[in-house]
Amino acid sequence: MFDVLEEGAVSAARQLIGWHLYTVDGSSRVGGAIIEAEAYTQEDAASHSYRGRTPRTEIMFGPAGYVYVYFSYGMHWCMNIVTGQNGRGEAVLIRAIEPDEGIEIMRKRRNNRPDSELTDGPAKVCQALGVTGVDSGVRLNDGKFLLLPPRSTYEVKATERIGISKDTHRLWRFVAKRH
DNA sequence: CTATAGATAATCT
DNA sequence: GATTATCTATAGG
């Protein structure tokens, strides 16, 4: 169903820039275009899957197209899209989105912060889209989540990942280039 | 604008 | 007991 996800996390992270990610809230969609994403694989010391399967990371080892949500720093939720073939232990962290639908809902959930700060970080994306741990293991395009193809082309830049202390040299963070 | 401290709990050693 | 794929408020330039 999602060819773009099945080649592997690095390829998927690069190609996912520009895809639209939404959660469905009643009759409205909440979300927008993915503009920042990072790849994590089992061979990567910064990845939750590095030490093998655990209860938390089990979802990363399943088939592509499922959502993996984890709890971070005792406060925040962050969401990934599982990639690669079944058993590989890969995912792409959704780090930022450019809102285009459901902005009023996001403002409310983000406590009326400026529009520029609604979804410019992985935990902010989850708060704005209403994603928590109960959504971990849910399949895309099967109810709550919608992943739709890009509506325009994006220039993508690869950089070092953010907020990690191991394997920082990998250029596995992909961002939509500003102009 | 940049820099930094503090919050706070699951997860793993 | 240490670490953590973060965010926010606050202080300073």
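Use the structure listed above.
Residues numbered from 1 in each chain as written. Chains lettered and ligands numbered in written order. Predicted model: local features only at pLDDT ≥ 70, side-chain atom pairs only at ≥ 80, totals over all residues. Heavy atoms only, no water.

Notes on the pairing of strand β4 (residues 76-83)
Counted only if it meets this: Categorising residues by exposure relies on relative accessible area from a 1.4 Å probe, with only protein chains included: less than 20% of the type maximum marks a residue as buried, more than 50% marks it as exposed, and the intermediate range marks it as partly exposed. Secondary structure counts use DSSP, requiring at least four H or I residues in a row for a helix and at least two E residues in a row for a strand, with both numbered from the N terminus. Strands pair, by our definition, only if DSSP identifies at least two bridges between them.
Buried residues dominate β4, accounting for 6 of its 8 residues. As paired elements, strand β3 (residues 67-72) and β4 share 6 bridges and run antiparallel to each other. In the sheet register, Y68 faces β4, and the bridge partner there is N80. Remark: 3 residues form the turn of the hairpin made by β3 and β4, two consecutive strands paired antiparallel; Y73 in that turn has positive phi of roughly 55°. Bridging between β4 and strand β5 (residues 90-101) involves 4 bridges; their strand directions are antiparallel. In the sheet register, N80 faces β5, and the bridge partner there is L93. Counting the residues between successive antiparallel strands, the hairpin from β4 to β5 contains 6 residues, one of them, G84, with a positive phi of roughly 75°.

A look at the protein's contact with DNA strand B
Defined as follows: We define proximity as follows: a residue is near a molecule or strand when any one of its heavy atoms falls within 4 Å of that partner. Polar contact is the term for a pair of N or O atoms within 3.5 Å; when the atoms are in protein, one must be able to donate a hydrogen and the other to accept it, and sequence-neighboring residues count only if both atoms are side-chain atoms. Gly counts as polar in this scheme, as do all residues outside two lists: the nonpolar Ala, Val, Leu, Ile, Met, Phe, Trp, Tyr, Cys and Pro, and the charged Asp, Glu, Lys and Arg.
Around DNA strand B, the neighbouring residues are R51, T54, R56, F71, Y73, G74 and M75. The sugar and phosphate moieties of DNA strand B supply 59% of its atoms located within 4 Å of the protein. T54 has a polar side-chain atom sitting 2.5 Å from a phosphate oxygen of DNA strand B. Within the contact set of DNA strand B, a base nitrogen lies 3.5 Å away from a backbone nitrogen or oxygen of G74. The class makeup of the residues in the surface near DNA strand B is 3 nonpolar, 2 polar and 2 charged.

Section: the protein's contact with DNA strand C
Taken together, 24 residues lie near DNA strand C, and Y70, Y73, N80, R110 and G163 sit nearest. Each atom of DNA strand C within 4 Å of the protein was assigned to sugar, phosphate or base; sugar and phosphate come to 63%. A distance of 3.3 Å separates a base nitrogen of DNA strand C from a polar side-chain atom of Y70. Counting only elements with at least two residues in the surface near DNA strand C, the list comes to β3, β4, β5 and α4 (122-129).

Some thoughts on the packing of aromatic side chains
What counts, and what does not: In this analysis, rings of Phe, Tyr and Trp, with Trp reduced to its six-membered ring, are considered paired at centre separations within 6.5 Å, and the interplanar angle assigns stacked below 30 degrees, edge-to-face beyond 60, and tilted for intermediate values. Lysine and arginine charges are scored as sitting over a ring when NZ or CZ, respectively, is within 6 Å of the ring centre and within 35 degrees of the ring normal.
Overall, the coordinates contain 2 aromatic pairs when judged by the stated rule. Geometrically, the ring pair formed by F71 and W77 is tilted, given 4.6 Å between the ring centres and 45° between the ring planes. Here the basic side chain of R29 rests over the ring of Y22, its NZ or CZ set 5.5 Å away from the ring centre. Against the face of W172 rests R170, its NZ or CZ located 4.8 Å from the ring centre.

Points about the environment of Y154
One can find Y154 in the loop between β6 (145-148) and β7 (156-159). On the basis of relative accessible area, Y154 is assigned to the partly exposed category, the value being 28%. Note: C-alpha distance between Y154 and G18 (136 residues apart in sequence) is 6.1 Å.

Some thoughts on the side chain of T119
To be explicit about the condition: Any two residues whose heavy atoms approach within 4.5 Å at even a single point are treated as in contact.
Structurally, T119 is set in the loop between α3 (103-109) and α4. Polar side-chain contacts of T119 include one of 2.6 Å to the backbone oxygen of I97. Residues in contact with T119, not counting those within four places in the same chain, are R95, A96, I97, E98, P99, M106, K124, V125 and A128.

Things to note about α4
Counting buried positions over the 8 residues of α4 gives 6, a clear majority of the element. Regarding α4, the residues found buried are P122, A123, V125, C126, A128 and L129. Looking at the buried side of α4, the elements it contacts are β1 (20-25), β2 (28-40), β4, β5 and α3. Two residues or fewer past α4, G130 is found with a positive phi of approximately 75°.

Examining unusual backbone geometry
For N111, which is not glycine, the phi torsion reads 60° and is therefore positive. Relative to the assigned elements, N111 resides in the loop between α3 and α4. The phi torsion at D167 lies on the positive side, around 50°, for a residue other than glycine. In this structure, D167 sits in the loop between β7 and β8 (173-176).

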